[in-house]
Amino acid sequence: MALLLKKIIYRKDGGVMKIIVTGGAGFIGSNFIFYMLKKYPDYEIICVDKLTYAGNLSTLKGIMDNHRFRFVKLDICDRAGIYQLFEEELPSMVVNFAAESHVDRSIENPSVFLETNIMGTAVLMDACRKYGIQRYHQISTDEVYGDLPLNRPDLLFTEETPIQASSPYSSSKAAADLLVLAYHRTYELPVSVSRCSNNYGPYHFPEKLIPLVIVNALNDKPIPVYGTGENVRDWLYVDDHCKAIDLILHQGRVGEVYNIGGHNEMSNIDVVKTICNRLGKSHSSIAYVTDRKGHDMRYAIDSTKIQNELGWFPETRFSEGIQKTIQWYLENKDWWETIISGEYRNYYKKMYGDR
Ligand code: NAD
Ligand code: DAU
């Protein structure tokens, strides 16, 4: 067992474990970096991030001086830049979080989603082939499975559910998944893929439902709920997602897909009302607005595989996770006030102005 662990943790040349984490200035990537630096005192993390509108260097300010952390501003589509970085660092693993991640933006402008989510993934994997890698891990999403009907609570997404993406975002993620699995079959690249349900927690960009509701409620602004608010998502606290990725990286089987879910299905309107109640805000601010085009009805994950194989289960109950999240937004107003006072204002006007 000790030998096996050693083999996993250290590179062949005896160097320390180096992980390239792409998209680490975003929501889940940053939480993952914090989690890994804390859990593994001898790991080195190199964060590669283009710093799009969704990437925030301020999120990483607490670790910028950590000698085990390096930030590199780089587009994952920049082949020459990525190859140069691999040559310098010779990473042991790559965890690819970098993506355009917001469904509504993909409906407005699909092309950047295809570029980053598909082409960027290919560049990273080509670099892994060229320089060698112990593991390439692709952060995917439950949205690749399409959606489930509200009247069939017995149906859940398993890893065998056919890919049937609905939005430009989810189809770009599905295309990337297929490419990752093809690189495994064709080139024997040691890959793994995880498909997770909706995350929530600190550093979540306020274009997404939960942080948007918290921020708008705190600012006494209308809270936009698409359509009837009956759509269901399976919410998972971000730390539980990080734990699952860590397990897959170290113990998950190469070439496999693992579903990750919260066992916590909630309708959007219930989520919104819960947040209003916790903040002591009236429901009168809730505004039902024009629905999202092609809006997926329900997501629900069957995570039996990761539970049975790796012993993972979601540890944070929603009632606890949402309280921690709200508290974080109350204590970190600077972080989100800087965001919503910038380019975000134009985005908000465009998306919600005439809705
Ligand atoms: P996010 O939008 O908060 O962060 C994305 C990060 O990627 C940002 O820091 C951004 O600057 C960076 N980025 C974008 N394009 C890049 C490029 N071309 N090169 C380098 N960096 C680039 O996203 P998130 O919510 O943290 O999601 C991270 C990953 O997890 C995504 O792949 C997403 O598809 C997946 N995912 C998200 C959720 C969720 O609920 N948020 C659930 C399941 C899966
Ligand atoms: O399921 C995983 C996915 O979860 C990830 O792959 C995506 O990157 C992530 O953005 C998220 O996608 P969703 O579309 O489910 O998340 P979003 O927060 O945008 O919306 C959640 C639900 O809330 C959805 O049914 C749409 C609705 N909604 C959203 C916004 C922004 C509203 O009703 N009002 C809003 O203003």
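Above this text sits the structure in question.
Residues numbered from 1 in each chain as written. Chains lettered and ligands numbered in written order. Predicted model: local features only at pLDDT ≥ 70, side-chain atom pairs only at ≥ 80, totals over all residues. Heavy atoms only, no water.

Novice: What exactly am I supposed to notice about the overall build of the chain here?
Specialist: When its secondary structure is counted, the chain shows 13 helices and 13 strands. Here the C-alpha radius of gyration of the chain, 20 Å, is about what a compact globule of 355 residues would show, namely 20 Å. Its C-alpha atoms give the chain principal-axis dimensions of about 60 × 45 × 40 Å. In the chain, which comprises 355 residues, the share counted as buried stands at 56%. (Helix = DSSP H or I, 4+ residues; strand = E, 2+ residues; numbered from the N terminus. Rg over C-alpha atoms; globule rule 2.2 N^0.38 Å. Buried < 20%, exposed > 50% of the residue type's maximum accessible area, 1.4 Å probe, protein only.)

Novice: Just to check I follow, could you spell out the packing of aromatic side chains for this structure?
Specialist: Aromatic ring pairs are defined here through the distance separating the ring centres and the angle between the ring planes. Tallying each qualifying case throughout the model produces 23 aromatic pairs. An angle of 45 degrees between the planes, with centres 5.3 Å apart, marks the rings of phenylalanine 32 and phenylalanine 97 as tilted. With phenylalanine 32 in helix 2 (residues 27-39) and phenylalanine 97 in the loop between strand 4 (93-96) and helix 4 (103-108), this residue pair connects regions lying 65 residues apart in the sequence. Each member of the pair phenylalanine 32 and phenylalanine 97 is classed as buried. (Phe/Tyr/Trp six-rings, centres within 6.5 Å; stacked < 30°, edge-to-face > 60°.)

Novice: What's the story with the site of ligand 2 in this structure? I'm lost.
Specialist: Taken together, 23 residues sit near ligand 2, with Asp142, Tyr169, Arg292, His295 and Tyr352 positioned nearest. A distance of 2.6 Å is found between an oxygen atom of ligand 2 and a side-chain nitrogen or oxygen belonging to arginine 292. For the shell around ligand 2, the element with the highest residue contribution is strand 8 (residues 223-226), accounting for three residues. Looking at the shell around ligand 2, its residues break down into nine nonpolar, eight polar and six charged. (Near = heavy atom within 4 Å. Polar contact = N/O pair within 3.5 Å; in protein donor to acceptor, adjacent residues only side chain to side chain. Nonpolar A, V, L, I, M, F, W, Y, C, P; charged D, E, K, R; others polar.)

Novice: Explain helix 3 (residues 79-89) here, please?
Specialist: Listed as buried for helix 3 are Gly81, Ile82, Tyr83, Leu85, Phe86 and Glu89. For helix 3, the secondary structure elements touched by its buried residues are strand 1 (18-22), strand 2 (44-49), strand 3 (69-73), strand 4 and helix 5 (111-131). One or two residues past the end of helix 3 sits leucine 90, with phi positive at roughly 40 degrees. (Contact = heavy atoms within 4.5 Å.)

Novice: Sorry, what's going on with the pattern of salt bridges here?
Specialist: Pairs can form between side chains of opposite charge whenever their charged atoms are close. Under the counting rule described, the total for this entry stands at 21 salt bridges. For lysine 350, the salt bridge goes to glutamate 108, with nearest N and O atoms at 3.8 Å. Residue lysine 350 is located in helix 13 (residues 344-352), and its partner glutamate 108 is located in helix 4; the two are separated by 242 residues in the primary sequence. Residue class for lysine 350 comes out exposed when judged on its relative accessible area of 61%. For glutamate 108, a relative accessible area of 44% gives the class partly exposed. Put simply, glutamate 320 and lysine 324 hold a salt bridge, and the shortest N to O gap is 3.9 Å. Taken together, the positions of glutamate 320 and lysine 324, both in helix 11 (residues 318-331) and four residues apart, correspond to about one turn of that helix. On the basis of relative accessible area, glutamate 320 is assigned to the partly exposed category, the value being 40%. In this structure lysine 324 comes out as partly exposed when scored by relative accessible area, which is 37%. (Salt bridge = Lys/Arg side-chain N within 4 Å of Asp/Glu carboxyl O.)

Novice: What is the right way to look at the side chain of serine 167 in this model?
Specialist: Tracing the sequence through the fold places serine 167 in the loop between strand 5 (135-141) and helix 6 (168-187). Note on serine 167: relative accessible area 9%, which makes it buried. A distance of 2.9 Å separates the side chain of serine 167 from the backbone nitrogen of serine 170, its partner in a polar contact. Residues in contact with serine 167, not counting those within four places in the same chain, are Val103, Ser106 and Glu143.

Novice: Got a minute to help me understand the packing of helix 3 against helix 5 in this structure?
Specialist: Two quantities define a packed helix pair, namely the angle between the axes and the distance from one axis to the other. Where helix 3 contacts helix 5, the axes come no closer than 10 Å and their chain directions differ by 35 degrees. As helix 3 runs across helix 5, the sense of the crossing is right-handed. Residues Arg79, Ile82, Tyr83, Phe86 and Glu87 of helix 3 lie in contact with helix 5, whose contacting residues are Val123, Leu124, Asp126, Ala127, Cys128, Lys130 and Tyr131. (Axes fitted to C-alpha atoms, helices over the stretch in contact; angles between N-to-C directions. Left-handed = near helix turned anticlockwise from the far one by under 90°.)

Novice: Sorry if this is basic, but what is going on with the nonpolar core here?
Specialist: Counting 37 residues, the largest nonpolar core has Ile210, Ile275 and Tyr344 as its most contacted members. Here isoleucine 210 is in contact with Tyr200, Trp235, Val271, Ile275, Phe318, Ile322 and Thr325, once residues within four sequence places are set aside. By size, the runner-up hydrophobic cluster in this structure holds 34 residues, among which are Ile20, Ala98, Tyr136 and Val180. (Core = buried A, V, L, I, M, F, W, Y, C linked by side-chain atoms within 4.5 Å.)

Novice: Mind showing me how you'd approach the site of ligand 1 here?
Specialist: Close to ligand 1 lie 28 residues; Ile28, Asp49, Ser101, Tyr169 and Lys173 are nearest. Separating an oxygen atom of ligand 1 from a side-chain N or O atom of aspartate 49 is a distance of 2.6 Å. Within the backbone of isoleucine 76, one N or O atom sits 2.9 Å away from a nitrogen atom of ligand 1. Relative to its unbound accessible surface of 840 Å², ligand 1 loses 97% to contact with the protein. For the shell around ligand 1, the secondary-structure elements that each account for two or more residues are helix 2, strand 5 and helix 6. Sorting elements by how many residues they give to the shell around ligand 1 places strand 5 first, with three residues. Along the lines of polarity and charge, the residues of the shell around ligand 1 split into 13 nonpolar, eleven polar and four charged. (Areas by Shrake-Rupley, 256 points an atom, 1.4 Å probe, with all protein chains shown as cover.)

Novice: Would you mind showing me how to read the packing of helix 2 against helix 8 (residues 238-251) here?
Specialist: Helix 8 packs onto helix 2 with a crossing angle of 65 degrees between their chain directions and a minimal axis gap of 9 Å. As helix 2 packs across helix 8, the resulting crossing turns out to be right-handed. On helix 8, the residues that touch Phe27, Ile28, Asn31, Phe32, Tyr35, Met36 and Lys39 of helix 2 are Val238, Asp239, His241, Cys242, Lys243, Ile245, Asp246, Leu249 and His250. Here the residues of the contact of helix 2 with helix 8 sort into nine nonpolar, three polar and four charged.

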